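Inside the fold
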Amino acid sequence: MIMERNTNIFSCEPIEGGFSYSITSRLGNILHYAEKLFGERNKDYTLLGVELIDRDYPQIWFPCNCGNIVIQITIDCLNDMDEAIFQVAHECVHCLCPTIGKHATILEEGLATWFSVHYTRLHNINKKPQTQNYQDACCLVSQLLEYDLGLIKKARKQSPNISDITIGLLMNICPNINPYLANELTKPFEYNR
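The paragraphs below set out a description of the structure included in this document.

**Examining the packing of aromatic side chains**
If you walk through the whole model with that rule in mind, you get eight aromatic pairs. Arranged with centres 6.2 Å apart and planes meeting at 70 degrees, the rings of Phe38 and Trp114 form a pair that is edge-to-face. Within this pair, whereas Phe38 is found in helix α1 (residues 23-38), its partner Trp114 is found in helix α3 (residues 106-122), the two being separated by 76 residues in sequence. Chaining the aromatic ring pairs together yields one cluster made of Tyr33, Phe38, Trp114, Phe115 and Tyr119.

**Considering unusual backbone geometry**
Even without being a glycine, Asn65 presents a positive backbone phi close to 45 degrees. Judged by its relative accessible area of 58%, Asn65 is exposed.

**Considerations on the packing of helix α2 (residues 81-96) against α3**
With their axes 8 Å apart at the nearest point, α2 and α3 run at an angle of 140 degrees to one another. Here α2 is positioned oblique relative to α3, judged by the angle of their axes. As for the relative orientation of α2 and α3, their crossing is right-handed in sense. For the pair α2 and α3, the contacting residues are Ile85, Phe86, Ala89, His90, Val93 and His94 in the first and Glu108, Glu109, Leu111, Ala112, Thr113, Phe115, Ser116, Val117, Tyr119 and Thr120 in the second.

**Things to note about the side chain of Lys127**
Relative to the helices and strands, Lys127 resides in the loop between α3 and α4 (132-147). Polar contacts involving the side chain of Lys127 include one to the side chain of Glu83, which spans 3.1 Å. If near-sequence neighbours (up to four positions away) are discounted, Lys127 is found in contact with Asp80, Asp82, Glu83, Phe86, Val117 and Thr120.

**Observations regarding the sheet that holds strand β3 (residues 46-53)**
Pairing is mixed in the open sheet, where three strands are placed in the order β3-β5-β4. Two strands close off the open sheet at either side, each with one partner strand: β3 and β4 (59-61). Across the sheet, the mean angle separating the axes of adjacent strands is 30 degrees when strand polarity is ignored. Against the sheet, α1 touches β3 and β5 (68-74), its axis set at about 130 degrees to β3. Helix-sheet contacts for α2 involve β3, β4 and β5, and the interaxial angle to β5 is about 150 degrees.

**Details of the state of the cysteines**
Counting across every chain of the model gives zero disulfides. Residue Cys97 stays outside any disulfide, its sulfur separated by 9.4 Å from that of Cys95, the closest cysteine. Here Cys138 is not disulfide-linked; the sulfur of Cys139 is the nearest cysteine sulfur, at 7.5 Å.

**Regarding the side chain of Arg41**
Note on placement: Arg41 falls in the loop between α1 and β3. It turns out Arg41 is buried and unbridged, and the closest side chain with the opposite charge, Glu35, is 4.3 Å from it. Dropping the residues within four chain positions of it, Arg41 is found in contact with Leu31, Glu35, Cys95, Leu96 and Arg156.

**Side note on the environment of Ser159**
Looking at the element boundaries, Ser159 is found in the loop between α5 (151-158) and α6 (167-173). Look at Ser159 and you get buried, because its relative accessible area is 12%. Sequence spacing of Ser159 and Leu169 is ten residues, and the spatial spacing of their C-alpha atoms is 8.5 Å. A polar contact of 3.5 Å, which involves the side chain of Ser159, links it to the backbone oxygen of Asp164.

About the criteria used
- Residues numbered from 1 in each chain as written.
- Predicted model: local features only at pLDDT ≥ 70, side-chain atom pairs only at ≥ 80, totals over all residues.
- Heavy atoms only, no water.
- Phe/Tyr/Trp six-rings, centres within 6.5 Å; stacked < 30°, edge-to-face > 60°.
- Helix = DSSP H or I, 4+ residues; strand = E, 2+ residues; numbered from the N terminus.
- Buried < 20%, exposed > 50% of the residue type's maximum accessible area, 1.4 Å probe, protein only.
- Axes fitted to C-alpha atoms, helices over the stretch in contact; angles between N-to-C directions.
- Parallel < 35°, antiparallel > 145°, perpendicular 65-115°, else oblique.
- Left-handed = near helix turned anticlockwise from the far one by under 90°.
- Contact = heavy atoms within 4.5 Å.
- Polar contact = N/O pair within 3.5 Å; in protein donor to acceptor, adjacent residues only side chain to side chain.
- Pairing = 2+ DSSP bridges.
- Disulfide = S-S within 2.5 Å.
- Lys, Arg positive; Asp, Glu negative; His and termini not counted.
- Salt bridge = Lys/Arg side-chain N within 4 Å of Asp/Glu carboxyl O.

What follows is the structure in structure tokens.
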């Protein structure tokens, strides 16, 4: 009798030189790349890993409010590694400077969305945000990063929390930025879930 393997995003199997990637092992690569582009994460928090949640959207969770973070992705990702990578990449940006109970700006949500699209494309995965508010935020961030891909990393040296980055800071780092764009990016993000 041949047993069929139960492969899901948490499964891995021995391969030459180690093991195949699960979403947990991919998390390390995703986070490393996010830090390379946008600056180091706040190491006061411990990223415990990835779990599934029966909700319509992924999020980060702070179990026990003791400095731990868990990335929660939607349950439909269980057997869809591409979607899992897309969602984890988005949430990794929020893990760079986690805040409890603080509302994200268009800049932070747009950057998270831009990164998830960018990262998945690098790995030949074609994913896009499904809702207009995330698409719009991503478009604004794309315009910003055309000025300087290293802009967020530079800004986070002065203001580590992405949602605390101000119009003045953006304009100070890169005076050529369209002031309207800088103003739009620093507004609160409207979730409309």
